[in-house]
Every structure is written in C-alpha cells, then in structure tokens.
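Topology and contacts: notes
Listed below, chain by chain, are the residues.
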Amino acid sequence: MLAQTPPMGWNSWNTFGWEISEELIKETADVWNDLGLLDAGYQYLVIDDCWSLKKRNEHGYLVADPYKFPNGMKAVADYVHSKGLKFGMYSCAGTMTCGGHPSSLEHEFVDAKTFADWGVDFLKYDYCYKPHNIPGHILYKRMGMALRSSGRDILFSACNWGNDKTHEWIRATGAHMYRSTGDIQDNWESIKNIALSQWNKECYSAPYCYNDIDMLVVGMYGKGNVALGGCSDEEYKTHFSLWSIMNSPLMIGCDIRNINEATRNILTNKEIIALNQDPEGRQAYSMEQWNNSDVKIYIKPISDGSFGIGFFNMGDSDGEGSLQFWDMGLTASSGYGLHLRDLWEHENIGIATEHFTCKLKPHHCKVLRAKPVKVK
Ligand code: GAL
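So, a few notes on the structure that sits alongside this text. Owing to the predicted nature of the structure, the values given are computational and were not obtained by experimental measurement. (Residues numbered from 1 in each chain as written. Predicted model: local features only at pLDDT ≥ 70, side-chain atom pairs only at ≥ 80, totals over all residues. Heavy atoms only, no water.)

Quick notes on the side chain of K68
- Mapped onto the elements of the fold, K68 is located in the loop between strand 2 (44-46) and helix 4 (72-82).
- Here K68 occupies a buried position and makes no salt bridge, while the nearest side chain of opposite charge, D65, is found at 4.5 Å.
- Here the side chain of K68 touches C50 through a polar contact of 2.7 Å, landing on its backbone oxygen.
- If we ignore the near neighbours within four places in the chain, the residues touching K68 are W18, I20, S21, E22 and C50. (Helix = DSSP H or I, 4+ residues; strand = E, 2+ residues; numbered from the N terminus. Buried < 20%, exposed > 50% of the residue type's maximum accessible area, 1.4 Å probe, protein only. Lys, Arg positive; Asp, Glu negative; His and termini not counted. Salt bridge = Lys/Arg side-chain N within 4 Å of Asp/Glu carboxyl O. Polar contact = N/O pair within 3.5 Å; in protein donor to acceptor, adjacent residues only side chain to side chain. Contact = heavy atoms within 4.5 Å.)

As structure tokens, this is what we get:
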C-alpha cells in the first residue's frame, strides 16, 4: 500500500521549471545517496511540467521531448531505479498542462498505461485548463481509476491547489496526497501564509492521503524558478519543521547537486523527519495562545505515546511561546509532567511540569518531542 506515511522525494519544478533534461535528472540521482537522502527517507525523484513535446504522436501517445530526453523516459526511469529510487512524472486533468503541454483529459487510460510501461511510480496531476462542465472529483476519479488499472503501483499526487473544497472529496478519488494550497515561493511571507492557511483543516490528513502544502524551498536561497526573495537558514528550519509536523509530503525543491552543509543538515534532520513519518500519521492540531501571540503552537500525537510540539514565531518581532500542559489534556492533578527533547539542538531538556515557555526571535522555531512521565 502506498503513502502509509507522507511521501518524501525531490521535484524539479521549484528550481528548474521548464529547464529539465535527462542530464539534470541523472546528476540529481547520482548525488542523492551520498547526501544521505535515501537514508533519511527521500525516495521519489519527480519530473514536473514541460517534459513532453507540445503534441501527441499520430497514435495519440504522449512523447518525451527528444531535445531534453534524447533516450526517452523509460531510460530515465531505469537510471533512477538503478540508484534505488522511485521515479515520478507529471500530467494534468485539464485540456493542457499549466506550461501548455498536452495533458491527460480524455486520454487518462492510455496515459496511465504509458506511464506504467515507462516504469513510473508516482504521478503528479495538475488542474490547469479544467473543463467547466466536468466536476473536479470526476476528473481525479478518472485518473485514479486509470492508475489503479494500469498494472503498476503508481502513487497519485493530486494538485488542484485546495480549490473546489478538494479536502472534502479527494480521498475518494484514490489520491495519496493532495495539494491543499496554492504555489509556494522562496520567501518567508509565502511560507507563513501557506502554513496559516491550513489552520483548522487538520482532520483532512491521514495515512494513504495526506495534505500537501507544496514542495520545499529549503536551500534555494533566492535561486530558481519560484525563488522570489530567498530565506535565511533559520527560516528554512522553521519551514521544514512546519511541513514536517503538519504531515505534508516532504518534496525537496532545491538543486541538490549544489547544496551546502546547512541545507543538508536541515533536510536530513532525522528527529524532525520522524515526526512527519510516524506510522500512525496523525495530523498536528494547532493552538492559539491566550494573548493572541504570533507564536503558534502545533502538537502532533506520535504512535509511541509521545508528542511532537512545535513553537513557531510567525511574527516580525521577538515572541514568546508558552504552552500550558492542560491545553493538551495533561492536568496538574494527573501527577504527570513531560520529558522534553529539543529536536534541533539534539539534546534533552529535562522534565517540565504544568507548562513550558520559550523565547523566539522573529521567524524562528523550537521543536520538541515530549513524553509524559509520572512525577509524583
Ligand atoms: C502548478 C503547480 C506547480 C507546478 C506547475 C507546473 O499548477 O501547482 O507545482 O506543477 O503547475 O506548470
């Protein structure tokens, strides 16, 4: 079964847009394992929009652009598989892809079979140029059905940006993840707005179908297709922590052929990733503080009885995160406190009772793993 936990991988769009090629994909696959990405859980290497010719061939099949992919897609898939990775591709539910290439409307079954024959393991399915007369859930049900009939296990990644109340019907289409937001940009405002847009939609994410709050911009530093501004390393840490605790798929968006140590450390922080990849797949709940502070708190129940707790300063001035344990159900009379571990500092903080408070600079975060322990 696919997507027991949020899918993890890399996608070409954020940095490369339409400038994709066999060479880029091979070079990306080549560095993957040395960076420890597979070991950290990243598995799917996904080519986004603009990989095909602008026209189907005379038999109605999609054709890889021979200038970008001279040996065809099967050869690319084979290469990716030879590195122990899974291979992903992209199509669209409307009359054209967002980049103006042929999409799969009325070709769902033939395209799903083509992808299966090429060895595709993951299909991102976009929503541009959607026909007005067919509801979105039918378009996704069609491709969901086609993929399930294709003879290959293909993870179905829906991408309709949270439009048309997608969270209410997407699970029924067989999708394993669904974009619940618009497109991300490589800047703090975009990260903040995307995260806050999901407030109170926690119940719509669970194993086998996760809310996807878009690909990561960690490590882009203002370079590439969606790089509008760039972020600091602390902002990237906050971004990665939010995406992890909020159950989003973790799809890297930077150029991993050229990443620095700070980016690698963020992307491979196994203690943070463990919150995201918990097999129980429970979504975090979000909490406002009594004083309406810009420091937001997210709490994610973990299958071993512990909790991920994230404090995120969304504001532009210094802030304080203050969690009263009774707000998470831990009463003072219970005789329990929380054993706390800091997942960025990689150190145990000790046992706290009744509350925990931390000071946070603008856009900074603190992420803890908390285990209830008897204190009296
Ligand atoms: C958008 C989608 C992006 C990217 C782009 C390609 O609709 O949200 O993630 O896939 O299309 O054109």
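Here we look at the site of the ligand
- Of all residues adjacent to the ligand, which total 13 residues, the nearest are D48, D49, K124, D126 and D183.
- For the ligand, an oxygen atom lies 2.5 Å from a polar atom in the side chain of D183.
- Here the ligand has 310 Å² of accessible area as a free molecule, and 95% of this is covered by the chains.
- Of the residues assigned to the shell around the ligand, the class counts are six nonpolar, one polar and six charged. (Near = heavy atom within 4 Å. Areas by Shrake-Rupley, 256 points an atom, 1.4 Å probe, with all protein chains shown as cover. Nonpolar A, V, L, I, M, F, W, Y, C, P; charged D, E, K, R; others polar.)

Digging into the side chain of S52
- Here S52 shows up in the loop between strand 2 and helix 4.
- On the basis of relative accessibility, which here comes to 2%, the residue S52 falls in the buried class.
- What S52 contacts, discounting residues up to four positions off in sequence, is V63, A64, D65, H101 and P102.

A closer look at the layout of surface pockets
- In this structure, the largest pocket spans a volume of roughly 270 Å³.
- In terms of lining, the largest pocket is formed by 13 residues, of which the most central are L2, R148, D153, I154 and H176.
- Partitioning the lining of the largest pocket into residue classes produces six nonpolar, four polar and three charged. (1 Å grid on protein atoms, 1.4 Å probe; cavity = no way out; pocket = protein on both sides within 12 Å on 5 of 7 lines; lining within 4 Å. Points joined across faces, edges and corners; volume = space filled by probe spheres on them.)

Description of the environment of D121
- Its place among the elements puts D121 in the loop between helix 5 (108-118) and strand 4 (122-126).
- Along the sequence, D121 and I349 sit 228 residues apart, while their C-alpha atoms lie 42 Å from each other.

Some details on the pairing of strand 5 (residues 155-158)
- With burial as the criterion, each face of strand 5 is covered, one bearing L155 and S157 and the other bearing F156 and A158.
- By the bridge criterion, four bridges tie strand 4 to strand 5 in an arrangement that is parallel. Bridge pairing in strand 5 places K124 opposite S157.
- As for the winding sense of the linkage, the β-α-β connection from strand 4 through helix 6 (residues 136-148) to strand 5 is right-handed.
- In this structure, strand 5 lies alongside strand 6 (residues 177-179), joined through two bridges in parallel fashion. (Pairing = 2+ DSSP bridges. Right-handed = clockwise from strand over helix to strand, strands pointing away.)

Comments concerning the sheet that holds strand 9 (residues 285-287)
- Here six strands make up an open sheet; going across it, the order is 9-10-11-16-13-14 and the pairing antiparallel. Looking at the sheet topology across the chains shown, the edges are occupied by strand 9 and strand 14 (347-352). Between one strand axis and the next, the sheet turns through 25 degrees on average, direction left out of account.
- Bridge count between strand 9 and strand 10 (residues 295-301): three bridges; the pairing is antiparallel. By the bridge assignment, S286 is partnered in strand 10 with Y298.
- Against the sheet, helix 9 (residues 233-245) engages strand 10, strand 11 (307-313) and strand 16 (365-374), with an angle of about 140 degrees to strand 11. (Axes fitted to C-alpha atoms, helices over the stretch in contact; angles between N-to-C directions.)

Let's talk about the sheet that holds strand 6
- As summarised here, the arrangement of the eight strands in space is 7-6-5-4-3-2-1-8, forming an open sheet in which the pairing is parallel. On the outer flanks of this sheet lie strand 7 (210-212) and strand 8 (250-252), each paired with one strand and no other. Looking at each pair of strands side by side, their axes are set apart by 25 degrees on average, direction ignored.
- The strands touched by helix 5 are strand 3 (86-92) and strand 4; relative to strand 3, the strand with the most contacts, the crossing angle is about 160 degrees.

These figures come from the coordinates and say nothing about function on their own.
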